[in-house]
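One letter stands for each residue in the lines below.
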Number of protein chains: 2
Amino acid sequence: MTDQSVTKRTRQRRPDTRPSEILAAALALFSEKGFAAARMEDVAARAGVSKGAIYLYFPDKSALLKSIVHQAIGEQIAVAARMADHIEGPVAPVMAQLAGMLAHRIETTDLPSIIKLVIGESRAHPEIGQYYLDNVVKLALPLLERLLSHGIATGEFRAVDPNLTVKCMIGPLMLSALWHAVFVPLGAAPYSVAALADQHMDIFLRGLRP
Amino acid sequence: MTDQSVTKRTRQRRPDTRPSEILAAALALFSEKGFAAARMEDVAARAGVSKGAIYLYFPDKSALLKSIVHQAIGEQIAVAARMADHIEGPVAPVMAQLAGMLAHRIETTDLPSIIKLVIGESRAHPEIGQYYLDNVVKLALPLLERLLSHGIATGEFRAVDPNLTVKCMIGPLMLSALWHAVFVPLGAAPYSVAALADQHMDIFLRGLRP
DNA sequence: TTAGTTACTGACTGGTCAGTCATTAAACTC
DNA sequence: GAGTTTAATGACTGACCAGTCAGTAACTAA
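Here goes a summary of the coordinates provided. (Residues numbered from 1 in each chain as written. Chains lettered and ligands numbered in written order. Predicted model: local features only at pLDDT ≥ 70, side-chain atom pairs only at ≥ 80, totals over all residues. Heavy atoms only, no water.)

## A look at the overall build of chain A
Part 1 of the argument: Across its full length, chain A carries eleven helices and zero strands.
Part 2 of the argument: The linear arrangement of helices and strands in chain A, starting from the amino end, is α-α-α-α-α-α-α-α-α-α-α.
Part 3 of the argument: Here chain A, with 210 residues, has 48% of them falling under the buried criterion.
Part 4 of the argument: Across chain A, contacts joining residues at least 24 apart in sequence account for 67% of those joining residues at least 6 apart.
Part 5 of the argument: When the accessible surface of chain A is split by element, carbon and sulfur atoms take 56% of a total near 9900 Å².
Part 6 of the argument: Distance between charge centroids for chain A: 7 Å, based on 22 positive and 20 negative side chains. (Helix = DSSP H or I, 4+ residues; strand = E, 2+ residues; numbered from the N terminus. Buried < 20%, exposed > 50% of the residue type's maximum accessible area, 1.4 Å probe, protein only. Contact = heavy atoms within 4.5 Å. Areas by Shrake-Rupley, 256 points an atom, 1.4 Å probe, with all protein chains shown as cover. Lys, Arg positive; Asp, Glu negative; His and termini not counted. Charge placed at Lys NZ, Arg CZ, Asp CG, Glu CD.)

Spelled out as structure tokens, the structure:
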């Protein structure tokens, strides 16, 4: 309150930077209080604008939620897909690398909060859950499934059910994201997601050997 | 509407059965619409009572949420603990059995919806998240950790980080619960959690062999 | 300097809903 | 079957908040 009134006492006109500031504030408040309990006035206050200003950039409250998810997902899966879809040698290192990338994103971005939001609001706002399902789940899982099937075909892995096994692969990472978004704020011990990903892939890939 | 008005047209006095009926209705609506968006009047309607009647049995709305979680958790962890804490032979079959039990509970009870609720409401209602953390997470994980450490000590498993490895073990089951609570209602393909637990433990235990 | 344009403000409105309570009805008592 | 107790009702109230809009401040072009 006191210090920021030094830097900006009067109102500012910054139409370019407002939307992202508002989204950042909204994500913080939504994941802190839940979507329904977060007040637009508080989002505005945290973004340093008045309530009305939000409605210059977003049609309504749920548009904030949608924009947050859209922005966070973006191109990311497509990038991973390109990386994974034409490989020559063994697939195990590629899988380990993908797990490491995901772990890194869990530790350095807002992904955990966003996953938490998607889970919590998917019924009240099915478009959100649907978007995540279509643009993340339905791209990422088949991608890993192809990778796994390829490994089985070449004899690198033993025969397992690819559909189920893919879920075994990402389960621990999903749990890590939720652990850090849900339980750490309540006092649970945080841990290195990268270390977990390493440990998991070590066990997992060894368990897939013929 | 029409048929139940045949069976019970007038108001009934059934103080013994009301609370559980109200809780069942509340769980259904909370997991359908989210806690905040569920209206007490709708909970009452689904339970076949008036809104006022709910307040004869529960002090307020959040008491419904608390009771749902309390009731669902109950003794269950303690039972598993008793089963797991004095074993003689190899621990691998015990771990597989515990995973199977959890898978069964995910498939046959409201556990997935409850997990979803805890995740979604843990910030707005920290007591809920705290209760789950204290009575489920902080009991179940150390229990599995002890089991795992014992297996490492006897040479049944190779040396891994027990703390991280336990999270690798339950991650896929957690994901299954959320899959069925969040994505299946949106059109994702359901799958057998028991089969996933089998597949997972097959890979996991093989990956732990010395 | 001034006239015009665009960004922003915040008091206000209309609707929603948790929780209350005076009233009614069922069940029990003697 | 009159009197008492306890369960249940639903209209009502007070608080809350998303979204609006008349007004104001900042910037721009002339």
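## Considerations on the protein's contact with DNA strand D
Part 1 of the argument: Lining the immediate environment of DNA strand D, one finds 22 residues, of which Lys51(A), Arg13(B), Arg14(B), Ser50(B) and Tyr57(B) sit closest.
Part 2 of the argument: Elements with a contribution of two residues or more to the surface near DNA strand D: helix 4 (51-57) of chain A together with helix 4 (51-57) of chain B.
Part 3 of the argument: With four residues, the top contributor of residues to the surface near DNA strand D is helix 4 of chain B.
Part 4 of the argument: Among the residues forming the surface near DNA strand D, the class breakdown is eight nonpolar, four polar and ten charged. (Near = heavy atom within 4 Å. Nonpolar A, V, L, I, M, F, W, Y, C, P; charged D, E, K, R; others polar.)

## With respect to the interface of chain A and chain B
Part 1 of the argument: Taken together, the contact between chain A and chain B spans 49 residues of the former and 49 residues of the latter.
Part 2 of the argument: Approximately 4300 Å² of surface area, both sides summed, lies buried where chain A meets chain B, with 74% of it carried by carbon and sulfur atoms.
Part 3 of the argument: Sorting the residues of chain A by area buried against chain B places Arg123(A), Leu186(A) and Ile203(A) first, and these three jointly supply 16% of that buried surface.
Part 4 of the argument: At the boundary of chain A with chain B, the tally comes to two salt bridges.
Part 5 of the argument: For the side of chain A that touches chain B, the element with the most residues is helix 10 (residues 162-183) of chain A, which contributes 13 residues.
Part 6 of the argument: Taken together, the residues that form the side of chain A that touches chain B break down as 28 nonpolar, eleven polar and ten charged. (Buried area = accessible area lost by both parts, 1.4 Å probe. Salt bridge = Lys/Arg side-chain N within 4 Å of Asp/Glu carboxyl O.)

## Quick notes on the protein's contact with DNA strand C
Part 1 of the argument: Around DNA strand C, 22 residues are found, and the nearest of them are Arg13(A), Arg18(A), Ser50(A), Tyr57(A) and Lys51(B).
Part 2 of the argument: Each atom of DNA strand C within 4 Å of the protein was classed as base or backbone; sugar and phosphate made up 67%.
Part 3 of the argument: Between DNA strand C and Met40(B) there is a distance of 3.0 Å, counted from a phosphate oxygen to a backbone nitrogen or oxygen.
Part 4 of the argument: At the level of secondary structure, the elements contributing two or more residues to the surface near DNA strand C comprise helix 4 of chain A together with helix 4 of chain B.
Part 5 of the argument: At four residues, the largest contribution of residues to the surface near DNA strand C is made by helix 4 of chain A.
Part 6 of the argument: The residue makeup of the surface near DNA strand C, split by class, is eight nonpolar, four polar and ten charged. (Polar contact = N/O pair within 3.5 Å; in protein donor to acceptor, adjacent residues only side chain to side chain.)

## A look at the pattern of salt bridges
Part 1 of the argument: For the structure on display, the rule yields 14 salt bridges over all chains.
Part 2 of the argument: Arg39(B) is the salt-bridge partner of Asp42(B), the closest N and O atoms lying 3.0 Å from each other.
Part 3 of the argument: According to the relative accessible area criterion, Asp42(B) is partly exposed, its value standing at 24%.
Part 4 of the argument: Take Arg39(B): its relative accessible area is 46%, and that puts it in the partly exposed class.
Part 5 of the argument: Through salt bridges with shared partners, one network takes in Arg14(A), Arg18(A) and Glu21(A).

## Brief notes about the relation of the copies chain A and chain B
Part 1 of the argument: The two copies are related by a screw motion: chain A maps onto chain B through a turn of 180° and a shift of 0.0 Å along the axis, at an RMSD of 0.1 Å. Here the symmetry operator amounts to a two-fold rotation axis. (Least-squares fit on C-alpha atoms with pLDDT ≥ 70 in both.)

## Comments concerning the nonpolar core
Part 1 of the argument: Phe30(A) and Phe30(B) are the most contacted members of the largest nonpolar core, which has 156 residues in total.
Part 2 of the argument: Excluding its chain neighbours within four sequence positions, the residues that come into contact with Phe30(A) are Phe35(A), Ala38(A), Val43(A), Lys61(A), Leu64(A), Leu65(A), Ile68(A) and Leu117(A). (Core = buried A, V, L, I, M, F, W, Y, C linked by side-chain atoms within 4.5 Å.)

## Some words on the packing of helix 8 (residues 111-121) of chain A against helix 10 of chain A
Residue and element names in this part refer to chain A.
Part 1 of the argument: At a closest axis distance of 8 Å, the pairing of helix 8 and helix 10 adopts a crossing angle of 90°. In terms of orientation, helix 8 and helix 10 fall into the roughly perpendicular class. On helix 10, the residues that touch Pro 112, Ser 113, Ile 115, Lys 116 and Ile 119 of helix 8 are Met 174, Ala 177, Leu 178, Ala 181 and Val 182.
Part 2 of the argument: Here the residues of the contact of helix 8 with helix 10 sort into eight nonpolar, one polar and one charged. (Axes fitted to C-alpha atoms, helices over the stretch in contact; angles between N-to-C directions. Parallel < 35°, antiparallel > 145°, perpendicular 65-115°, else oblique.)

## A word on helix 11 (residues 193-207) of chain A
The periodicity of an α-helix, 3.6 residues per turn, causes residues three or four positions apart to be oriented the same way.
Part 1 of the argument: Across its 15 residues, helix 11 of chain A extends 21 Å between first and last C-alpha, which sits within 8% of the 21 Å expected from 1.5 Å per residue.
Part 2 of the argument: Where helix 11 of chain A is concerned, the buried positions are Val193(A), Leu196(A), Ala197(A), Gln199(A), His200(A), Met201(A), Ile203(A), Phe204(A), Leu205(A) and Gly207(A).
Part 3 of the argument: Residues of helix 11 of chain A that are buried make contact with helix 7 (92-108) and helix 10 of chain A together with helix 10 (162-183) and helix 11 (193-208) of chain B.
Part 4 of the argument: One side-chain oxygen at the N-terminal end of helix 11 of chain A lies 3.4 Å from the backbone nitrogen of Ala194(A); it belongs to Ser192(A). (Expected span 1.5 Å × (residues − 1).)

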